[in-house]
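A closer look at the structure
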Amino acid sequence: MIGKKHNFLNLHLSFRFALISVVLLPSLLLWITLSLLAGTLKAALLGGFMALFCSLSAWLLAEKLLIGQVKSLEKTQKKWTDVINSLPDATFVIDQTGMVIVWNQAIEDLTGIKAADMIGKADRAYAIPFYGEKRNMLIDYVFLPPEAVAGRYTSVKRTGNRLYGEGVIMAHRVENPVYFWGMASPLYDDAGEVVGAIETIRDISDYKTTEKNLLDGRAKYQALFDSANDAVTLMIDDQFIDCNKKALNLFGCTKEAFIGQTPHRFSPEQQPDGTHSIQGALEKINGALQGTPQFFTWTHCRLDGKPFDTEISLDTVRLESGEVIIQSIIRDITARKEAEETIRQFAYHDPLTGLPNRRLLYDRFNLEIDNAARGKRVFSVMMFDIDYFKNVNDTLGHHTGDLLLQNVAYRIRSNLRKGDTLARFGGDEFIVLLPEVSRNEDADATARKILRTFKKPFSCAQNDIFVTTSIGIALYPGDGQDMETLIRHADRALYRAKDEGRNTYAFFGSISPEEQESGEPKNDKAPPLKTELR
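Since we're looking at a predicted model, the values are computed, not measured. (Residues numbered from 1 in each chain as written. Predicted model: local features only at pLDDT ≥ 70, side-chain atom pairs only at ≥ 80, totals over all residues. Heavy atoms only, no water.)

1. What to know about the overall build of the chain
The number of helices and strands found in the chain is 17 helices and 19 strands. Contacts in the chain between residues at least 24 apart in sequence constitute 52% of all its contacts with a sequence separation of at least 6. For the chain, the exposed area adds up to about 30,800 Å²; of that, 55% sits on carbon and sulfur atoms. (Helix = DSSP H or I, 4+ residues; strand = E, 2+ residues; numbered from the N terminus. Contact = heavy atoms within 4.5 Å. Areas by Shrake-Rupley, 256 points an atom, 1.4 Å probe, with all protein chains shown as cover.)

Structure (structure tokens):
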């Protein structure tokens, strides 16, 4: 909508007056002059007529050209008006004096001000519908030099000759302020001179509402994300792109140090099962990407290298853009592992000495029987106890007796091979399982080594206690082919060692059939306990 079309009519009339003044009057004067010079009326009339005819022809031609230019200009002007009016964004144009010359339909809808009421107004009247007062708008900064805008108006950004900005319009929509985005740029004529400026205003209220909802939703998500009891990480492919605070605490690093890293950066070179961490991590990630949620245990490392055990759940989230994000929920199970180890320790180990108990001994016993049967090998079972241990408890108390059992367990264990098993069978009875014994002499050598460990006194509290041991030995498969038989025969050989005066050992195979059936040792009267105060 461009105002004052009659300007072009006025231009047309002015041109006609100029033609009369410039063409017809000189022609009339030429006619009079020719009449005087010719001296005859006929010649004067002929010459004047010819001059007037030429002038009229020139006038008509000039008027025709002018009308064509005016129509062309009006056509161009209409096309320009139609283009601006068809713009979906509110748009207005001012000339170099600040007068509004274009006010399109979209800006009418936005402000409620008709073009007829705005076109022709100047002195920043166009700001009143937006702010309720005359003030600078983005379009006014177009006429300022760049240095006058840079750094002064922080909401205004410049790209080349164009200015951009965002703001809030309050005046005409007090209850529902309009968030807008604006762009303004200068207009130039053919000579490159600034003849005006144009500003486009876009209502971005819906966008801002959506943005606020997204930010509110993100804030809620972030709150849930950060308040989760478990560490939560997000990955694209095999790189971390985000994590919550629990993850940072778990891995002992900052977010900057975490983002962009890969899972194997926070893993030892190998997992407990021998799998290389890089290969194992990629397998789990690929499984999740193929649509199969992954749940597994994993040994991670803090940034300082300290390892810890975790349970991990891996799944994928597909965004609307089609991008796939891998979400991992990581739970630190170090405390649980320690508790499980404690339970396992109590379940399979003697709480006093820390040695394998009967349950673990039976597991190893059956495994050794299977291995020996397949390999047709011999292994040995030794049972020994502390001679007259009851005398220790009765004389020095059960606490000292417990200390003695702990010392005996430690000393014997340190004198056995790595593959041998020392277990507490009950009370002061111990069993040694010796795999791969090729002959009796091997078991004989181990028995003598055990006897030698009792040569030195055992330090218990304030006492050095001197005790001895008796040892019974049974061999697989000659003395038995199952666990119960071998333990029973080792126990019978132990009684034979006690009958022989204690502080010695005996093989079950060296006992006569009659003696093999006898029970308790014949002479079990305890001598005085020998101790020394330290």
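Picking up after the structure, the text goes on.
2. Things to note about the sheet that holds strand β2 (residues 100–103)
Strands pair in a sheet through their backbones, by hydrogen bonds, and they do so in one of two ways: parallel or antiparallel. Ordered in space as β2-β1-β6-β5-β4-β3, the 6 strands form an open sheet in which the pairing is antiparallel. One side of each edge strand has no neighbouring strand; the edge strands of this open sheet are β2 and β3 (156–159). This sheet shows a mean twist of 20 degrees between the axes of neighbouring strands, independent of strand direction. When β3 meets strand β4 (residues 162–169), the two strands line up antiparallel, connected through 4 bridges. Directly across from Thr159, in β4, lies its bridge partner Arg162. (Pairing = 2+ DSSP bridges. Axes fitted to C-alpha atoms, helices over the stretch in contact; angles between N-to-C directions.)

3. As for the packing of helix α13 (residues 389–396) against helix α14 (residues 398–413)
Interhelical geometry of α13 versus α14 gives an angle of 140 degrees and a closest axis separation of 7 Å. In terms of their interaxial angle, α13 and α14 are classed as oblique. Between α13 and α14, the contacting residues are Phe389, Val392, Asn393 and Leu396 on the first element and His398, Thr400, Gly401, Leu404 and Leu405 on the second. Tallied by class, the residues present in the contact of α13 with α14 amount to 5 nonpolar, 4 polar and no charged. (Parallel < 35°, antiparallel > 145°, perpendicular 65-115°, else oblique. Nonpolar A, V, L, I, M, F, W, Y, C, P; charged D, E, K, R; others polar.)

4. Examining the sheet that holds strand β8 (residues 239–243)
In spatial order, the strands read β8-β7-β11-β10-β9; together these 5 strands make up an open sheet with antiparallel pairing. Among the strands making up the open sheet, the edge pair consists of β8 and β9 (294–301). Sheet twist, expressed as the mean angle between neighbouring strand axes with direction ignored, is 35 degrees. Examined bridge by bridge, strand β10 (residues 307–318) and strand β11 (residues 324–332) share 9 bridges and lie antiparallel to one another. By the bridge assignment for β11, Leu314 is matched with Ser328. Of the strands in this sheet, β7 (231–236), β9, β10 and β11 are in contact with helix α10 (residues 277–289), which crosses β9 at around 150 degrees.

5. Side note on the nonpolar core
By size, the foremost hydrophobic cluster in this structure holds 32 residues, and its most contacted members are Met382, Phe384, Leu404, Val408, Phe454, Ile471 and Ile473. For this core, the elements supplying multiple residues, two or more each, are β12 (379–386), α13, α14, β14 (429–434), α15 (440–453), β15 (458–460), β17 (469–476) and β18 (505–507). Per-element tally for this core: the top contributor is α14, with 6 residues. Leave out the neighbours within four places in its chain, and Ile471 touches Met382, Met383, Phe384, Ala447, Ile450, Leu451, Ala493, Leu494, Ala497, Thr504, Tyr505 and Ala506. (Core = buried A, V, L, I, M, F, W, Y, C linked by side-chain atoms within 4.5 Å. Buried < 20%, exposed > 50% of the residue type's maximum accessible area, 1.4 Å probe, protein only.)

6. Regarding the packing of helix α12 (residues 358–375) against helix α16 (residues 483–499)
Taken N-terminus to C-terminus, the directions of α12 and α16 make an angle of 110 degrees; their axes are 10 Å apart at the nearest point. In terms of axis orientation, α12 runs roughly perpendicular to α16. On α16, the residues that touch Tyr362, Phe365, Asn366 and Ile369 of α12 are Met483, Leu486 and Ile487. Tallied by class, residues from the contact of α12 with α16 come to 6 nonpolar, 1 polar and no charged.

7. Describing the environment of Gln96
You can see Gln96 is positioned in the loop between β1 (90–95) and β2. Since its relative accessible area comes to 53%, Gln96 is described here as exposed. Separated by 99 residues in the primary sequence, Gln96 and Val195 place their C-alpha atoms 5.1 Å from one another. Those residues in contact with Gln96 that sit more than four places away from it in its chain are Val194, Val195 and Gly196.

8. Some details on the packing of aromatic side chains
Within the structure shown, the criterion is met by 14 aromatic pairs. Ring plane angle 35 degrees and centroid distance 5.2 Å describe the contact between Phe92 and Tyr126, whose orientation is recorded as tilted. Separated by 34 residues along the polypeptide, Phe92 in strand β1 and Tyr126 in the loop between α3 (105–111) and α4 (128–131) bring together distant segments of the chain. According to the relative accessible area criterion, Phe92 is buried, its value standing at 0%. The exposure class assigned to Tyr126 is buried, which follows from its relative accessible area of 1%. Through successive ring pairs, a cluster of aromatic residues spans Phe240, Phe251, Phe258, Phe266 and Phe308. A cation sits over an aromatic face here: Arg502 above Tyr388, 4.2 Å from the ring centre. (Phe/Tyr/Trp six-rings, centres within 6.5 Å; stacked < 30°, edge-to-face > 60°. Lys NZ or Arg CZ within 6 Å of the ring centre and 35° of its normal.)

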